[in-house]
Amino acid sequence: MHSFGYRANALFTFAITILALVCAMASLSDSLNSPSPSAHVQVLNINWFQKQPNGNDEVSMTMNISADLQSLFTWNTKQVFVFLAAEYETPKNSLNQISLWDGIIPSKEHAKFWIHTSNKYRFIDQGRNLRGKEFNLTMHWHVMPKTGKMFADKIVMPGYRLPEEYR
C-alpha cells in the first residue's frame, strides 16, 4: 500500500501537468486570433520648433490620436501597452525613434479612443537635423497576455514633414 505522501505527490504532479497543458492550449489559442487594429494621427499644429542653446532641435506639436485596438483583446489579454513614436533618418543614424505619447489600455472597453494632446515627451534631435525633415508617426503596441508570450506590432503612418525654419 502506498503512503499518504506518495499519493499526495502523485496528485500534485498530475495537477501541475494538467495546469501546464491548459496554459499551453490557452497560449496556442491566441495564435489563432488575427487582429486588425487601426490608427490615425492628425498633426494639428507645430506649437514651437526651436534650436536649443546647446544646438539641438526641439519640436512641440498638437495632435489628434485616434485608434481602434479592440481586435487585439481576447479572453487571454491582460492589457495592451501602446505608444506613438516619431521615426526619421539622419546622416548619422538610419533610424531615430522618439516616443511622443504612451498609454496602457486595461480592457477592450477602453481600446477604442480619440485623444487631443501635445507630445507627452520632448521631441529633441541631437543636432540640427530636423529642419524640413520628413518623418513617420508609428503606433506601436505590446499585448500582455495572462499566460503565454507577449505579442508586439505597429502601424506606420508616413507623410509628415517639419517646417524649414525655426518658429
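Residues numbered from 1 in each chain as written. Predicted model: local features only at pLDDT ≥ 70, side-chain atom pairs only at ≥ 80, totals over all residues. Heavy atoms only, no water.

Attention now goes to the overall build of the protein. For the protein, the count of helices and strands is 1 helix and 8 strands. Sequence-ordered secondary structure for the protein, helices as α and strands as β, is α-β-β-β-β-β-β-β-β. Whereas a compact globule of 167 residues would reach a radius of gyration of roughly 15 Å, the protein reaches 23 Å, over 25% beyond that. The C-alpha extent of the protein, read off along each of the three principal axes, is 90 × 30 × 20 Å. Sequence-distant contacts, at least 24 apart, represent 66% of the contacts inside the protein between residues at least 6 apart. On the protein, the mean spot of the 16 positive side-chain charges and the mean spot of the 13 negative ones are 6 Å from each other. (Helix = DSSP H or I, 4+ residues; strand = E, 2+ residues; numbered from the N terminus. Rg over C-alpha atoms; globule rule 2.2 N^0.38 Å. Contact = heavy atoms within 4.5 Å. Lys, Arg positive; Asp, Glu negative; His and termini not counted. Charge placed at Lys NZ, Arg CZ, Asp CG, Glu CD.)

Bringing the domain arrangement of the protein into the picture now. Along its sequence, the protein is carved into domain 1 (1–32) and domain 2 (34–161). On a C-alpha basis, the centroid separation for the pair domain 1 and domain 2 is 42 Å. Tallying the contact residues gives 6 residues for domain 1 and 8 residues for domain 2. Taken together, the two surfaces of domain 1 and domain 2 that pack against each other cover about 440 Å², and 43% of this comes from carbon and sulfur. On the domain 1 side of the contact with domain 2, Ala26, Ser27 and Asp30 bury the most area, a combined 68% of that side's loss. In this structure, the connection of domain 1 to domain 2 is made through 0 salt bridges. (Domains from an automatic or database assignment. Buried area = accessible area lost by both parts, 1.4 Å probe. Salt bridge = Lys/Arg side-chain N within 4 Å of Asp/Glu carboxyl O.)

One open sheet holds the 4 strands; their spatial order is S4-S3-S7-S8, and the pairing between them is antiparallel. Two strands close off the open sheet at either side, each with one partner strand: strand S4 (96–105) and strand S8 (151–161). Averaged over all pairs of adjacent strands, the angle between their axes in this sheet comes to 20°, without regard to strand direction. Judged from the 10 bridges that link them, strand S3 (residues 77–88) and strand S7 (residues 134–145) form a sheet pairing that is antiparallel. Residue Gln79 lies in a different strand from S7, and its bridge partner there is Met144. (Pairing = 2+ DSSP bridges. Axes fitted to C-alpha atoms, helices over the stretch in contact; angles between N-to-C directions.)

So, on to the nonpolar core. Formed by 34 residues in total, the largest nonpolar core has its most connected members in Leu69, Phe123 and Trp141. For this core, the secondary structure elements donating two or more residues are strand S1 (38–51), strand S2 (57–68), S3, S4, S7 and S8. Those residues in contact with Phe123 that lie beyond four places of it in its chain are Asp57, Glu58, Val59, Met61, Ala86, Tyr88, Ile98, Leu100, Leu130 and Leu162. (Core = buried A, V, L, I, M, F, W, Y, C linked by side-chain atoms within 4.5 Å. Buried < 20%, exposed > 50% of the residue type's maximum accessible area, 1.4 Å probe, protein only.)

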